Amino acid sequence: MIFKRAKRWNLLTQIKLILLGAPGSGKGTQAKFITEKYNIPQISTGDLLRNAVKAQTELGKKAKVFMDEGKLVPDKLVLELLEARLAEPDCEAGFILDGYPRNITQATDLERITEIDLVINIEVDFNLLVERITGRRTCKTCGAIYHIIYSPPKRKALCNNCSGELYQRDDDTEETVKKRLKTYETQTKPLIEYFLKKGKLRTLVSDSTIDMMRLKVESLLKETFY
Ligand code: AMP
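All chains use their own residue numbering, which begins from 1 and follows the written sequence. Per-residue local features are limited, in this predicted model, to residues with pLDDT of at least 70; the limit for side-chain atom pairs, both in listing and counting, is 80 or more; totals at the level of whole chains, interfaces and linings are taken over all residues. Water and hydrogen atoms were dropped before computing side-chain values, which therefore reflect all heavy atoms in the structure.

Undergrad: For this particular structure, what's the right way to read the nonpolar core?
TA: The nonpolar side chains of soluble globular proteins are, as a tendency, buried together. Among buried residues, the Ala, Val, Leu, Ile, Met, Phe, Trp, Tyr and Cys ones that are joined through side-chain atoms within 4.5 Å form a nonpolar core. Think of it in three bands: with a 1.4 Å probe and only protein chains considered, a residue is buried below 20% of the maximum accessible area for its type, exposed above 50%, and partly exposed in between. Ile 34, Ile 120 and Leu 221 are the most contacted members of the largest nonpolar core, which totals 55 residues. Every residue pair with non-hydrogen atoms within 4.5 Å of one another is taken to be in contact. Apart from residues lying up to four places away in sequence, Ile 34 is in contact with Leu 17, Leu 19, Asn 39, Ile 40, Ile 96, Val 217 and Leu 221.

Undergrad: Just checking my understanding: could you explain the environment of Leu 19 for this structure?
TA: Runs of H or I in DSSP of at least four residues are treated as helices and runs of E of at least two as strands, each being numbered from the N terminus. By secondary structure assignment, the location of Leu 19 is in strand S1 (residues 15-21). Judged by its relative accessible area of 1%, Leu 19 is buried. With 79 residues separating them in the primary sequence, Leu 19 and Asp 98 have C-alpha atoms 5.3 Å apart. Those residues in contact with Leu 19 that lie beyond four places of it in its chain are Lys 27, Gln 30, Ala 31, Ile 34, Ile 96, Leu 97, Asp 98, Gly 99 and Ile 120.

Undergrad: What is the right way to look at the side chain of Asp 109 in this model?
TA: Residue placement: Asp 109 occurs in helix H6 (residues 104-113). Residue classification places Asp 109 among the buried positions, given a relative accessible area of 10%. Here Asp 109 is in contact with Asp 75, Leu 79 and Tyr 100, once residues within four sequence places are set aside.

Undergrad: Explain the pattern of salt bridges to me, please; I cannot follow it from the model alone.
TA: Oppositely charged side chains can form a pair if their charged atoms are brought close together. The salt bridge criterion pairs a side-chain nitrogen of Lys or Arg with a carboxyl oxygen of Asp or Glu, the two atoms within 4 Å. Taken as a whole and assessed by the stated rule, the structure comprises 19 salt bridges. Between Lys 64 and Asp 68 there is a salt bridge, and its shortest N-O distance comes to 2.6 Å. Taken together, the residues span about one helical turn, with Lys 64 and Asp 68 both in helix H4 (residues 58-68) at a distance of four residues. Overall, the relative accessible area of 34% leaves Lys 64 in the partly exposed class. We classify Asp 68 as partly exposed; its relative accessible area is 40%.

Undergrad: Looking at this structure, I do not really get the site of the ligand. What am I missing?
TA: Near the ligand there are 16 residues, and of these Thr 45, Arg 50, Lys 71, Gly 99 and Gln 106 occur at the shortest range. Think of a polar contact as two N or O atoms within 3.5 Å of one another; within protein, one of them needs to be a possible hydrogen donor and the other a possible acceptor, and neighboring residues in sequence only count if both atoms come from side chains. A distance of 3.0 Å is found between an oxygen atom of the ligand and a side-chain nitrogen or oxygen belonging to Arg 50. One nitrogen or oxygen atom from the side chain of Arg 102 is found 3.1 Å from an oxygen atom belonging to the ligand. The protein chains shown are the only cover counted for residues, whose accessible areas, like all others here, come from Shrake-Rupley with a 1.4 Å probe. Notes on the ligand: free accessible area 480 Å², of which the protein chains cover 96%. Ranked by residue count, the leading element in the shell around the ligand is helix H3 (residues 45-54), at four residues. Residues are labelled near a given molecule or strand when at least one of their non-hydrogen atoms is within 4 Å of it.

Undergrad: Before we go on, may I ask you to explain the packing of helix H7 (residues 126-134) against helix H8 (residues 174-188) in this structure?
TA: Helix-helix packing is described using two parameters, namely the angle between the two axes and the distance between the axes. Here the axes come from fitting lines to C-alpha atoms, over the contacting stretch only for helices, and the angles between their N-to-C directions go from 0 to 180 degrees. At a minimum axis distance of 10 Å, the contact between H7 and H8 shows a crossing angle of 135°. Taken as axis vectors, H7 and H8 run oblique relative to one another. Considering only the axes of H7 and H8, their crossing is right-handed. In this structure, H7 uses Phe 126, Leu 129, Val 130, Ile 133 and Thr 134 to contact H8, whose residues at the interface are Glu 174, Val 177, Arg 180, Leu 181 and Glu 185. Here the contact of H7 with H8 is composed, by residue class, of six nonpolar, one polar and three charged. When describing relative orientation, an angle under 35 degrees is termed roughly parallel and one over 145 degrees roughly antiparallel, while 65 to 115 degrees is termed roughly perpendicular and anything else oblique. The crossing is said to be left-handed when, going from far helix to near helix, the turn is anticlockwise and less than a right angle, and right-handed when the turn is clockwise. Residue type decides the class: Asp, Glu, Lys and Arg count as charged, Ala, Val, Leu, Ile, Met, Phe, Trp, Tyr, Cys and Pro as nonpolar, and the leftover types, Gly among them, as polar.

Undergrad: Got a minute to help me understand the sheet that holds strand S6 (residues 145-147) in this structure?
TA: Hydrogen bonds along the backbone pair up the strands of a sheet, which may run parallel or antiparallel. Strand pairing is assigned whenever DSSP detects at least two bridges linking the two strands. Strand order in the open sheet formed by three strands is S6-S5-S7, and the pairing between neighbours is antiparallel. With one partner strand each, in any of the chains shown, S6 and strand S7 (166-167) form the two edges of the open sheet. Where strand S5 (residues 136-139) meets S6, three bridges bridge the pair, whose relative direction is antiparallel. Bridge pairing in S6 places Arg 136 opposite His 147.

Below, the structure written as structure tokens:
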């Protein structure tokens with residue numbers, strides 16, 4: 001039902017999306033593609049938190065303790081960052097939420113602030129996730145994402161786009177990754193059922209290349225919003 005309502009809108013109005021999926025499912029990569037194609041901002045609560053940690057704000061200092069342990073940062077702190085970000089003018093055309101909500105409380109917090117059109121759930125075989133995350137490298141300058149085996153940069157440890165230095169996130173080590181995956185299983189996975197019941201969720205299985213996945217996402221968005 002929600003899809004029919006969304007279809008009556010067109011791309012000049014709003015697209016409000018959530019990308020749901022375990023760490024390493026490729027949410028960030030797909031979100032970047034949607035951002036470029038549909039000109040709506042990607043809002044990653046992970047990035048917002050990492051920026052707060054880097055800026056050493058009070059919130060950032062509190063959040064770091066949880067992030068280093070692979071745990072979820074308390075809902076209130078994340079909501080504070082998210083509300084401020086959603087109030088910025090570039091969100092008027094819509095947005096893609098990447099990494100939020102992460103539990104049922106966050107989903108209900110979000111629904112109090114705004115309405116969501118579509119939740120794309122990216123499903124990946126559990127065994128692939130650890131390998132994907134521990135091989136992930138991110139550009140310090142532009143945020144582009146690489147994988148040391150599956151999508152290596154042309155020059156070692158340098159970004160193809162901007163020549164920025166590539167780094168491994170502090171929480172992408174094997175030990176923390178396993179904790180983050182457990183957190184996902186217990187706290188975030190119940191959101192699949194939650195949004196399914198609301199008629200808003202579509203699942204895409206990520207069993208092929210990034211480009212194939214991009215085509216699946218694109219065709220789902222066309223089907224939903226045109
Ligand atoms: P991500 O970049 O989405 O993998 O997030 C990295 C880390 O930031 C997570 O392991 C959490 O500690 C924290 N984080 C990101 N988003 C949230 C959220 N919505 N709620 C709580 N913690 C979050």
